[in-house]
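# Tertiary structure, described
Residues per chain, in single letters:
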Amino acid sequence: MDISRDGFAPVAAALATDGWCVADGLLTAAQTGALGVECTAEHARGAMRVAATGSSHSAGLLRGDVTQWFDMLAPTSAQAVFVARIDALMHSLNRALMFTMVESESHYAVYAIGTGYVPHVDRLRDSDERVVSAVFYLNDDWLDDEGGALRLHLAGNITRDIFPRAGTLALFMSSDTLHEVLPATRARMSIACWMRQRPRHR
Ligand code: OGA
Ligand code: MN
């Protein structure tokens, strides 16, 4: 599906029926390119950190990315464009699906060659805040045989592989979608984003 042509309605419909979808056209090629340039530069200047996990295991065994959270109070101009589109999508999903999401959080992620992220679910233990996960890819000219797919594990032992090509947006329900990142033969850049509701209890 292409958001730039069809709008957000097909995304809502797919999330409602399947719990996941892949969309193009969230941003223009130029807007996507600006994010890729920024992510590359932040990584090159050593501004990314080894990511934490909710688990007690050493993070390095579970995931191979380094990340940099967006400062939602002072996003860069490239980030502000992304956040505005994600927020518009979030409000559209609220209306279509009676969700109550209020904000998004996003980070750049760079996976080193040969690393991935073991199968996991994004909703953190003891928190129901994350409702929809969105992963936006920034890699120009990605070839499928370079690996690096996002693999969704769906009901009935079905898997779906989504390759991290620049401009591709993967969306899935945070609470119950098991997924993993497969290792790749080149470094792999993305924005991981979560649309969140207020916590029900704390
Ligand atoms: C995550 C994640 C998927 C991807 O950061 O939690 O699952 O394709 N990322 O980068
Ligand atoms: Mn995840």
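Residues numbered from 1 in each chain as written. Chains lettered and ligands numbered in written order. Predicted model: local features only at pLDDT ≥ 70, side-chain atom pairs only at ≥ 80, totals over all residues. Heavy atoms only, no water.

### Quick look at the sheet that holds strand β7 (residues 150-154)
What links the strands of a sheet is backbone hydrogen bonding, and the strands pair in either a parallel or an antiparallel sense. Taken together, the four strands give an open sheet; going across it, the order is β5-β10-β7-β8, and neighbouring strands pair in antiparallel fashion. In the strand order of this sheet, the two ends are held by β5 (117-120) and β8 (158-162), each with one partner. On average, adjacent strands in this sheet sit at an angle of 15 degrees to one another, irrespective of strand direction. For β7 and β8, the ladder comprises five bridges, and the chain directions are antiparallel. Residue pairing in the sheet places leucine 152 in a bridge with arginine 160 of β8. (Pairing = 2+ DSSP bridges. Helix = DSSP H or I, 4+ residues; strand = E, 2+ residues; numbered from the N terminus. Axes fitted to C-alpha atoms, helices over the stretch in contact; angles between N-to-C directions.)

### Let's talk about the coordination of the manganese ion (ligand 2)
Around the manganese ion (ligand 2), the protein supplies His120 (NE2), Asp122 (OD) and His179 (NE2) as donor atoms, at distances of 2.1 to 2.2 Å. Of note, the manganese ion (ligand 2) draws all its donor residues from one chain, in the sequence arrangement H-x1-D-x56-H. For aspartate 122, a relative accessible area of 7% translates into the label buried. (Donors = N, O, S within 2.8 Å, 3.2 Å for Na, K, Ca; no water. Buried < 20%, exposed > 50% of the residue type's maximum accessible area, 1.4 Å probe, protein only.)

### Some remarks on unusual backbone geometry
Unlike most non-glycine residues, methionine 98 shows phi in positive territory, near 55 degrees. Within the element layout of this structure, methionine 98 appears in the loop between α5 (77-97) and β4 (101-111). For methionine 98, a relative accessible area of 73% translates into the label exposed. Not every positive phi belongs to a glycine, and asparagine 157 is a case in point at roughly 60 degrees. Relative to the helices and strands, asparagine 157 resides in the loop between β7 and β8.

### Some details on the environment of valine 110
Tracing the chain through its elements places valine 110 in strand β4. Overall, valine 110 belongs to the buried group, its relative accessible area being 4%. Those residues within four positions of valine 110 in sequence are excluded, and the remaining contacts are Cys39, His43, Met48, Gly64, Asp65, Val66, Ala187, Arg188 and Met189. (Contact = heavy atoms within 4.5 Å.)

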